[in-house]
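# Observations on chain architecture
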Amino acid sequence: MNQTERFEIMEKVKSFPGISGAVSKIFSLLDDPDTDASRIEDVVRYDPGLTANILKMSNSAYFGFSGKIGSVRQAVVLLGWKRTAQIVIASCVNAMMDEPVSGYNLQKGEFWRHSIAVSVAAEGLVKELKLPDVEKIFTAALLHDIGKLVLGAFLKKDMEKVEIEAARGVSFEIAERNILGTDHAEIGAMILKNWMFPPGMVSAVRWHHDPDSAGDISVLTDIVHVANVLCLMIGVGVGREGLRYKPSPLATKRLGLTTGHLEMVASQTLQWVDDLSDMFV
Ligand SMILES: [Fe+2]
Ligand SMILES: [Fe+2]
């Protein structure tokens, strides 16, 4: 890694597309107890592409109201606030996350599918472990690897070094750090920070490969970490990251996670992914 490259990476983070203004409005609406369905409709009303995506996603089998939702207002009524907010955010990032990510060897659609898989696996783990509803888990999980969209182009230039690191058998984020002086988790956290996402979500993205190093140990981070490992184990969106991941033993202990829980969620994740991603194909 040289200083010029680091500078270029940071410039790319700064110029990374902003998330639609709709999302920051939605975060503030979520914190407002007086919010009603019409206000979320107001937020997306002038963006027909976004509205179409929201309706497609709301009608997926995963959310349980397949084919019954005809308007954003109806989505809020049937799915509730939190769900609709998650769907709006996912609809905003769908286009940028559906593209191939070359340095990571992820073909078109693979990055999105992996991200969706980690979201549904994270929700599956929350249910399986009977954890209190972990707010924002779906969105944190969906965006956990967003830093790859910045680092992919830099890794592509350094492919020879990537191969050397891979041959040494180091984990992928260590290889990124050795070559680029940063990794996709750190870059992803910067992007979410720039998007003004809540600190808990920024931290979950930052520490998704290393939850034990997080300053604030949290269920959100532990779950995103385990869900990501689980999806790599079952082979969704693996790309260049390989199959050498295991969940952190400490995170496993903190969550009270057993092999039974993992197997149960793993067995259902692929079906959930199909239920959720079908309409974007
Ligand atoms: Fe990752
Ligand atoms: Fe991942």
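Look above for the structure.
For clarity, every value in this text was computed on a predicted model and none was experimentally measured.

Cut-offs applied
Residues numbered from 1 in each chain as written. Chains lettered and ligands numbered in written order. Predicted model: local features only at pLDDT ≥ 70, side-chain atom pairs only at ≥ 80, totals over all residues. Heavy atoms only, no water. Helix = DSSP H or I, 4+ residues; strand = E, 2+ residues; numbered from the N terminus. Buried < 20%, exposed > 50% of the residue type's maximum accessible area, 1.4 Å probe, protein only. Expected span 1.5 Å × (residues − 1). Contact = heavy atoms within 4.5 Å. Donors = N, O, S within 2.8 Å, 3.2 Å for Na, K, Ca; no water. Tetrahedral: all angles 85-135°; square planar, octahedral: opposite > 155°, others 65-115°. Salt bridge = Lys/Arg side-chain N within 4 Å of Asp/Glu carboxyl O. Phe/Tyr/Trp six-rings, centres within 6.5 Å; stacked < 30°, edge-to-face > 60°. Lys NZ or Arg CZ within 6 Å of the ring centre and 35° of its normal. Axes fitted to C-alpha atoms, helices over the stretch in contact; angles between N-to-C directions. Parallel < 35°, antiparallel > 145°, perpendicular 65-115°, else oblique. Left-handed = near helix turned anticlockwise from the far one by under 90°. Nonpolar A, V, L, I, M, F, W, Y, C, P; charged D, E, K, R; others polar. Lys, Arg positive; Asp, Glu negative; His and termini not counted.

### With respect to unusual backbone geometry
A positive phi angle, near 60°, is found at Asn105, a position not held by glycine. Here Asn105 is to be found in the loop between helix 6 (81–97) and helix 7 (110–128). Using a relative accessible area of 38% as the deciding quantity, one classes Asn105 as partly exposed. Residues other than glycine seldom take positive phi values, yet Met196 does so here, at roughly 65°. You can call Met196 exposed: its relative accessible area is 66%.

### Digging into helix 14 (residues 219–233)
For helix 14, with 15 residues, the first-to-last C-alpha span of 21 Å sits near the 21 Å given by 1.5 Å per residue. Burial analysis of helix 14 places 13 of its 15 residues in the buried class, which makes it a mostly covered element. After helix 14 finishes, the residue Gly235 shows a positive phi value of roughly 85°.

### Some words on helix 9 (residues 148–157)
Since the α-helix advances by 3.6 residues per turn, residues separated by three or four positions end up pointing in the same direction. Within the span of helix 9, buried status applies to Lys148, Val150, Leu151, Gly152, Phe154 and Leu155. In this fold, the buried residues of helix 9 make contact with helix 1 (3–15), helix 7, helix 10 (159–168), helix 11 (172–180) and helix 12 (184–194).

### Digging into the coordination of the iron ion (ligand 2)
Ligation of the iron ion (ligand 2) by protein atoms is provided by His114 (NE2), His144 (NE2), Asp145 (OD) and Asn228 (OD1), these donors lying 2.1 to 2.2 Å from the ion. Seen from the iron ion (ligand 2), its four donor atoms lie at angles of 87 to 174°, and the figure they make is irregular. Read N to C, the donor residues that coordinate the iron ion (ligand 2) are spaced as H-x29-H-D-x82-N. Between the two metal centres, the iron ion (ligand 2) and the iron ion (ligand 1), the spacing is 3.7 Å, with Asp145 acting as a shared donor. Residue His114 is found in helix 7, and its partner Asn228 is found in helix 14; the two are separated by 114 residues along the sequence. For the residue pair His114 and Asn228, the accessibility class agrees, reading buried in each case.

### Considering the pattern of salt bridges
Close approach of charged atoms allows side chains with opposite charge to pair. One pass over the full model with this rule turns up 13 salt bridges. Residue Lys14 is joined to Glu11 by a salt bridge in which the shortest nitrogen-to-oxygen separation is 3.1 Å. On the criterion of helical spacing, the pair formed by Lys14 and Glu11 is a turn pair, its members being three residues apart in helix 1. Taking the relative accessible area as the measure of exposure, Glu11 reaches 32% and is therefore partly exposed. Close ionic contact of Asp183 with Arg177 constitutes a salt bridge, the shortest N to O distance being 3.1 Å. Residue classification places Asp183 among the buried positions, given a relative accessible area of 6%. One network of salt bridges, in which partners are shared, links Asp98, Glu99 and Lys108.

### With respect to the coordination of the iron ion (ligand 1)
Binding of the iron ion (ligand 1) to the protein goes through Asp145 (OD), His184 (NE2), His208 (NE2) and His209 (NE2), at separations of 2.1 to 2.2 Å. Coordination at the iron ion (ligand 1) is irregular, judged from the four donor atoms that bind it and the angles of 86 to 174° they form at the metal. Mapping the donors of the iron ion (ligand 1) onto the primary sequence gives the spacing D-x38-H-x23-H-H.

### A few points about the packing of aromatic side chains
Within this structure, the stated rule accounts for six aromatic pairs. Plain terms: the ring middles of Tyr62 and Phe63 are 5.3 Å apart, the flat faces sit at 75° to each other, and that makes the pair edge-to-face. Classification of Tyr62 by relative accessible area gives buried; the value is 14%. Using a relative accessible area of 9% as the deciding quantity, one classes Phe63 as buried. What links up through ring pairs into an aromatic cluster is the set Tyr62, Phe63, Phe138 and Trp272. Looking at Arg83, its charged tip hangs above the ring of Phe138, at a distance of 5.6 Å from the centre. If you follow Arg206 out to its NZ or CZ, it ends over the ring of Trp207, 4.1 Å from the centre.

### A closer look at the packing of helix 12 against helix 13 (residues 199–206)
Interhelical geometry of helix 12 versus helix 13 gives an angle of 165° and a closest axis separation of 7 Å. The angle between the axes of helix 12 and helix 13 places the two elements in the roughly antiparallel class. Crossing geometry of helix 12 relative to helix 13 is assigned as right-handed. Residues Ala185, Glu186, Gly188, Ala189, Leu192 and Lys193 of helix 12 lie in contact with helix 13, whose contacting residues are Met201, Val202, Val205 and Arg206. The residue inventory of the contact of helix 12 with helix 13, partitioned by class, reads six nonpolar, one polar and three charged.

### Observations concerning the side chain of Glu5
Within the element layout of this structure, Glu5 appears in helix 1. Here Glu5 is buried and forms no salt bridge, its nearest opposite-charge partner Lys157 lying at an N-O distance of 4.5 Å. With near-sequence residues (within four places) excluded, Glu5 lies in contact with Phe154, Asp158, Ile179 and Leu180.

In short, geometric facts, not functional conclusions.
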